[in-house]
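Chain by chain, the residues run as shown.
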Amino acid sequence: MSFNSGSFCSKDENFSYKLYNIFQKLFEFWGPQNWWPAETKFEMVVGAILAQSTSWSSVEKAILNLKKANALTIEGILQTPDEVLANLIRPAGYYNQKARRLKDFCNFLKNEFDSDLNKLFSLDIFELRKKLLSQKGIGFETADSIILYGAQKPIFVVDAYTKRLFYRLGLIESEKIEYNQLQSIFMENLEPRTSLFNEFHALIVKHCKEICRNKKPECKKCCLNEMCGAGTYK
DNA sequence: ATCCTGAGCG
DNA sequence: CGCTCAGGAT
């Protein structure tokens, strides 16, 4: 019985076992990933917004620019003129949009949470997610990243890598699966532990960047090779 | 459909 | 060197 065949999104012992098995194999192969690399929670949130459709190395450059300009604070961002801010985060791509999003988010923090991220993060997961999603420019993945890696609460982050990997493994029927549906599959079959969700997502990203790449996947080196469905990429 | 850079490849 | 493309949100 798998999610492909049975009723979708319910607990499934076998599926649960498979997920833990995949996690274990990835962890044994790659080791701990130590996410999220940020000095402060605010930096983490800024990174999450900048990371939309962008590689981490690009985000790092943008963050460094903000630090150098002493602009990596709520007031710092709010006081930086749009064009200047856009220029600082330029390496992260979509810099005009992202400059606006950063400012919108800072205003939101200032107006609704007294410029205190901890106040926002003290909401329960459901309320926190709703709040974050109500912000223009923050979608499912960004919201969940902030909840998991910023607020340190157990929610599973799904991304393009997650869809690709689990599609290739034959555990979902399509890479176009809805975000919330794939998230439910993980959350209903894994113990809701922040550290587990933290490490699992990070490992999926690592694995998909290095091995299960979009283009030339390195199936020979893949630690999940034996359990990989269809052998399409072998 | 659009917004953008940087990595990867020929 | 120039081209293609990955990557979220609206």
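Since the structure is predicted, the reported quantities are computational estimates derived from the model, not experimental observations. (Residues numbered from 1 in each chain as written. Chains lettered and ligands numbered in written order. Predicted model: local features only at pLDDT ≥ 70, side-chain atom pairs only at ≥ 80, totals over all residues. Heavy atoms only, no water.)

Q: Kindly report on the domain arrangement of chain A, identifying the contributing residues and their values.
A: A common way to state how big an interface is: give the accessible area lost once the parts meet. Examined at the domain level, chain A breaks down into domain 1 (13-31 + 157-227) and domain 2 (41-150). A separation of 26 Å is found between the C-alpha centroids of domain 1 and domain 2. For the pair domain 1 and domain 2, the summed buried area comes to about 810 Å², and 58% of that belongs to carbon and sulfur atoms. If you look at where domain 1 meets domain 2, you find zero salt bridges. (Domains from an automatic or database assignment. Buried area = accessible area lost by both parts, 1.4 Å probe. Salt bridge = Lys/Arg side-chain N within 4 Å of Asp/Glu carboxyl O.)

Q: If you had to explain the protein's contact with DNA strand B to someone new, which residues and values would you point to?
A: Taken together, the residues surrounding DNA strand B are S58, K61, R90, P91, G93, Y94, Y95, N96, Q97 and K216. At the protein interface, 61% of the atoms of DNA strand B within 4 Å belong to sugar or phosphate. Note that a phosphate oxygen of DNA strand B is positioned 3.1 Å from one of the side-chain N or O atoms of R90. In the model, a sugar or linking oxygen of DNA strand B is placed 3.2 Å from a nitrogen or oxygen of the P91 main chain. (Near = heavy atom within 4 Å. Polar contact = N/O pair within 3.5 Å; in protein donor to acceptor, adjacent residues only side chain to side chain.)

Q: Any details on the environment of I74? Residues and values, ideally.
A: Position of I74 among the secondary structure elements: in helix α4 (residues 74-79). Separated by 78 residues in the primary sequence, I74 and Q152 have C-alpha atoms spaced 20 Å apart. Beyond its immediate chain neighbours, meaning those up to four positions away, I74 contacts F42, C106, L109 and S115. (Helix = DSSP H or I, 4+ residues; strand = E, 2+ residues; numbered from the N terminus. Contact = heavy atoms within 4.5 Å.)

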